[in-house]
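Topology and contacts: notes
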Amino acid sequence: MPDGWQWDSTLFQGCAAYYERGRLPYAPGLAETLAAALGLDGRGRLLDVGCGPGTVILPLARFFTEAVGVDPDVDMLAEAERQAKRRGVTNTRWAAARAEDLPAGLGTFRVVVFAQSFHWTDRDRVAATVLEMLEPGGAFVHVADAKNPPAEPAPLPLPAPPYAQISDLVRRYLGPVRRAGQGTLVNGTPDREDLVLARAGFENFERHVVEAGAVADRTADDIVAWVFSRSDSAPHLFGDRLEDFERDLRAMLRQTSPGDRFAERLPATEIMIWHKPLTTHSAASPST
């Protein structure tokens, strides 16, 4: 869990309504790449921890008998259920819970996925619990945007969103230290999932990168939605200054692109997989 930070229920309060519009999608082919890597064949169960509005679980659900989404934010779960109905995904169910509440009577799974959510958890505790919830040989999957863009990307057809200036504006309103619910992230969020999962007993790591390559055409409304979909600029954090902030944000966007249109390159998606051992090795008995 982030240093000096304690989870509270307002972490993503009010963000669900902005998520689908504001967040860039994962690279096309994410679900198919993971299915091929794990030999998914429509059997077994999937657990998505921190599922949000169903971004990852919904395209993956067809590769399983059942897919279970867990999230502590009931608005996120309501949006996920709405998206499932819209897409005709019928083998999902939803549970309002934190990762630390697991196993929560949910049973065993073939795959457990965390899509940019593991860093919010008590990672050692959660990893140990997930190991017990997986079938032998089952997979712990971590999904995230790949961090290394092309060395010399082609020029964009429109101005890029002014993310640095947006960050400065958020700090002017909310203070210099990144907000997260009722607390702050002085040192950011933790990484090195590999060390955490090795301590828990996972093995046979593999990494896959799904290239995106496409350029997304974005409007000012999309960028505003992106800002309000984030934990560090969730709408409730601005209190009675929310309208002032949005007015200043839109003015900044219009100054960057008078037509209120932007372009940005979709990032590649990184899939990291660790496996539960097929057999549990018990300690050798002392000789007599």
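All of the points below concern the structure found in this document. What you are looking at is a predicted structure, and each value in this text was computed from that prediction instead of being measured.

Here the focus is the overall build of the chain. When its secondary structure is counted, the chain shows nine helices and 11 strands. Since a compact globule built from 288 residues should have a radius of gyration of about 19 Å, the 20 Å found for the chain is in line with a globular shape. With the C-alpha coordinates aligned to their principal axes, the bounding extent of the chain is approximately 80 × 40 × 35 Å. Taking all 288 residues of the chain together, 49% fall into the buried category. When contacts within the chain are restricted to residue pairs at least 6 apart in sequence, those whose partners lie at least 24 apart make up 82%.

To continue, consider unusual backbone geometry. Cis geometry is adopted by the peptide bond preceding P103, which originates at L102 and carries an omega value of 10°. Inspection of the secondary structure puts P103 in the loop between β3 (92–96) and β4 (109–115). Despite not being glycine, Q116 shows a phi value in the positive range, around 50°. In this fold, Q116 is placed in the loop between β4 and α5 (123–133). For Q116, a relative accessible area of 28% gives the class partly exposed.

With that settled, consider the pairing of β4. Extensive coverage of β4 is indicated by the burial of seven of its seven residues. Inspection of the sheet shows strand β1 (residues 45–49) paired to β4 by three bridges, in the parallel sense. When the sheet's bridge partners are listed, L46 is paired in β4 with V111. As paired strands, β4 and strand β5 (residues 134–145) are joined by six bridges and run parallel to one another. Directly across from V112, in β5, lies its bridge partner F140. A crossover connection joins β4 to the parallel β5 through α5; in handedness this β-α-β unit is right-handed.

The next thing to look at is the sheet that holds β5. Taken together, seven strands build an open sheet; the order of strands is β3-β2-β1-β4-β5-β11-β8 and the sheet is mixed. With one partner strand each, in any of the chains shown, β3 and β8 (203–210) form the two edges of the open sheet. Direction aside, neighbouring strands of the sheet carry axes that sit 20° apart on average. Strands in contact with helix α4 (residues 74–87) are β2 (66–71) and β3; relative to β3, the strand with the most contacts, it is inclined by about 175°. This element, α5, spans β1, β4 and β5 of the sheet and lies at about 135° to β5.

Turning our eyes to something else, we now look at helix α7 (residues 193–200). Residues of α7 that are buried include every one of E193, V196, L197 and A200, and no others. An end-on view of α7 places all buried positions within 90° of arc, on one side of the element.

Among the nonpolar cores identified, the biggest contains 32 residues, and L38, L46, W94, V111 and V141 are the most heavily contacted of them. Broken down by secondary-structure element, the contributors of at least two residues to this core are α2 (30–38), α3 (57–60), α4, β4, β5 and β11 (269–275). Sequence-distant contacts of W94, that is, excluding residues within four places in its chain, are made with C51, I57, L58, G69, L77, A80, E81 and A84. Among the nonpolar cores identified, the runner-up in size contains 27 residues, and L11, I166, V227 and F238 belong to it.

Right, let's get into the pattern of salt bridges. Two side chains that carry opposite charge are able to pair once their charged atoms sit near each other. With the rule as written, the count across this model stands at 24 salt bridges. We note a salt bridge from R178 to D232, for which the minimum N-O separation is 3.7 Å. Placement of R178 in the loop between α6 (163–174) and β6 (179–180) and of D232 in the loop between α8 (220–228) and α9 (242–256) is noted, with a sequence separation of 54 residues between them. With its nearest N and O atoms 3.7 Å apart, the salt bridge here joins D248 to R247. Looking at D248, the relative accessible area reads 24%, which means it is partly exposed.

What follows deals with the packing of α6 against α9. Interhelical geometry of α6 versus α9 gives an angle of 160° and a closest axis separation of 11 Å. Comparing their axes, α9 and α6 come out roughly antiparallel. Considering only the axes of α6 and α9, their crossing is right-handed. Across from Q165, I166, L169, V170 and Y173 in α6, the residues of α9 making contact are D244, F245, D248, L249, M252 and L253.

This part takes up the side chain of R218. Inspection of the secondary structure puts R218 in strand β9 (residues 215–219). A polar atom in the side chain of R218 sits 2.7 Å from the backbone oxygen of G22. Separated by 2.9 Å, the side chains of R218 and E264 make a polar contact. When near neighbours in sequence (up to four residues on either side) are disregarded, R218 contacts R21, G22, L24, Y163, I223, W226, D260, R261, F262 and E264.

The rules behind these values
- Residues numbered from 1 in each chain as written.
- Predicted model: local features only at pLDDT ≥ 70, side-chain atom pairs only at ≥ 80, totals over all residues.
- Heavy atoms only, no water.
- Helix = DSSP H or I, 4+ residues; strand = E, 2+ residues; numbered from the N terminus.
- Rg over C-alpha atoms; globule rule 2.2 N^0.38 Å.
- Buried < 20%, exposed > 50% of the residue type's maximum accessible area, 1.4 Å probe, protein only.
- Contact = heavy atoms within 4.5 Å.
- Pairing = 2+ DSSP bridges.
- Right-handed = clockwise from strand over helix to strand, strands pointing away.
- Axes fitted to C-alpha atoms, helices over the stretch in contact; angles between N-to-C directions.
- Arc of directions from axis to C-beta.
- Core = buried A, V, L, I, M, F, W, Y, C linked by side-chain atoms within 4.5 Å.
- Salt bridge = Lys/Arg side-chain N within 4 Å of Asp/Glu carboxyl O.
- Parallel < 35°, antiparallel > 145°, perpendicular 65-115°, else oblique.
- Left-handed = near helix turned anticlockwise from the far one by under 90°.
- Polar contact = N/O pair within 3.5 Å; in protein donor to acceptor, adjacent residues only side chain to side chain.

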